[in-house]
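The residues making up each chain are set out below.
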Amino acid sequence: MIRTLILSAALASLAGCVNVLSQPEAPDAFYRIGPMEPMHRLNATVTIREPEASRLFSGRAIAAEDETGALRIVRAVQWTDNATEMMQGALLDSLSGEGEFAALPSNTSGPTQFELTWRLSEFTLYGETARCRLDATVLRGRTRGVAAQTTVETTAIALDPSNAARAKALTDAGRACVSELAAFIVDTTDKEAVSAAAPLP
């Protein structure tokens, strides 16, 4: 009987600890990168893969770098979804096409003329400055040869030092990165089409 009471008390105490630990602080606000307007018109079919990224950049947390170079999670703000998924969705939104021409996510597309592989190498805050950097490669669909590569870097300045304003600035930097990358994809695929149509010497 005594053992039963001790065991019950221990389990109750453990349950209380688990209950406390399983309740993280809820963010005050959630932010998203998309949806974006289809401002860039494709004349090709392109598979858009989800970008690679470090674990710190790829999830829902928003990180900031301090003066020592240490990265810390910004409290009270968070992405609505994983950052890499939102960047992929925003890029798909930005690219439009008519008829057979379209940008397609990699999990639903069949063979396409081109494929984008990319990495989100920077997506952090530094003080009131938001920073985004993408390293991207456009591949030819059939041969897997490299059509073109680029690095896109953008920044945005927060309107004030609050975490909410800084998160909004990171949203703006991300959207600017996506827009520049969309323009690069259209330019690359258009040039490839012209090159393929040119008569052989």
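The coordinates are above.
The following refers to the structure shown. (Residues numbered from 1 in each chain as written. Predicted model: local features only at pLDDT ≥ 70, side-chain atom pairs only at ≥ 80, totals over all residues. Heavy atoms only, no water.)

### Focus on the packing of aromatic side chains
Here comes step 1: Using the criterion set out here, one finds one aromatic pair in the structure.
Here comes step 2: Both rings, one in W79 and one in F123, keep their centres 5.5 Å apart while their planes meet at 5 degrees; by these two values the pair is stacked. Note that W79 is positioned in strand β7 (residues 77-79) and F123 in strand β10 (residues 114-126), a separation of 44 residues in sequence.
Here comes step 3: Exposure remark for W79: the relative accessible area of 1% places this residue in the buried category. (Phe/Tyr/Trp six-rings, centres within 6.5 Å; stacked < 30°, edge-to-face > 60°. Helix = DSSP H or I, 4+ residues; strand = E, 2+ residues; numbered from the N terminus. Buried < 20%, exposed > 50% of the residue type's maximum accessible area, 1.4 Å probe, protein only.)

### A closer look at the pairing of β10
Here comes step 1: Of the strand pairs in this sheet, strand β3 (residues 45-48) and β10 are connected by three bridges, and their pairing is parallel. Across the sheet, residue I48 finds its bridge partner in β10, namely L116.
Here comes step 2: In the sheet, strand β4 (residues 52-53) pairs with β10 via two bridges, with the strands oriented parallel. Across the sheet, E52 pairs through a bridge with R119, a residue of β10. (Pairing = 2+ DSSP bridges.)

### Observations concerning the nonpolar core
Here comes step 1: In terms of nonpolar packing, the biggest core is built from 49 residues, with I48, L91 and I185 touching the most fellow members.
Here comes step 2: Mapped by element, the contributors of at least two residues to this core are β3, β7, α3 (83-94), β10, β11 (129-140), β12 (146-157) and α4 (163-197).
Here comes step 3: Contacts of I48, omitting those with residues within four sequence positions, involve Q88, L91, L92, L95, A103, L104, P105, S106, L116, W118 and I185. (Core = buried A, V, L, I, M, F, W, Y, C linked by side-chain atoms within 4.5 Å. Contact = heavy atoms within 4.5 Å.)

### Here's the deal with α3
Here comes step 1: The end-to-end C-alpha separation of α3 is 16 Å, in line with the 16 Å expected for twelve residues at 1.5 Å each.
Here comes step 2: Extensive coverage of α3 is indicated by the burial of nine of its twelve residues.
Here comes step 3: Considered for burial, the residues of α3 that qualify are A83, T84, M86, M87, Q88, A90, L91, L92 and S94. (Expected span 1.5 Å × (residues − 1).)

### What to know about the pattern of salt bridges
Here comes step 1: One pass over the structure, following the stated rule, counts twelve salt bridges.
Here comes step 2: R119 is the salt-bridge partner of E52, the closest N and O atoms lying 4.0 Å from each other. With E52 in strand β4 and R119 in strand β10, the pair connects residues that are 67 residues apart, well separated along the chain.
Here comes step 3: The class for E52 is exposed, based on a relative accessible area of 52%.
Here comes step 4: A salt bridge links R140 to E192; its shortest N-O distance comes to 2.8 Å. Of this pair, R140 sits in strand β11 while E192 sits in helix α4; the two residues are 52 residues apart in sequence, bridging distant segments of the chain.
Here comes step 5: Among the residues examined, R140 registers a relative accessible area of 30% and is labelled partly exposed.
Here comes step 6: If you follow the salt bridges from partner to partner, you end up with R49, E115 and R144 in one network. (Salt bridge = Lys/Arg side-chain N within 4 Å of Asp/Glu carboxyl O.)

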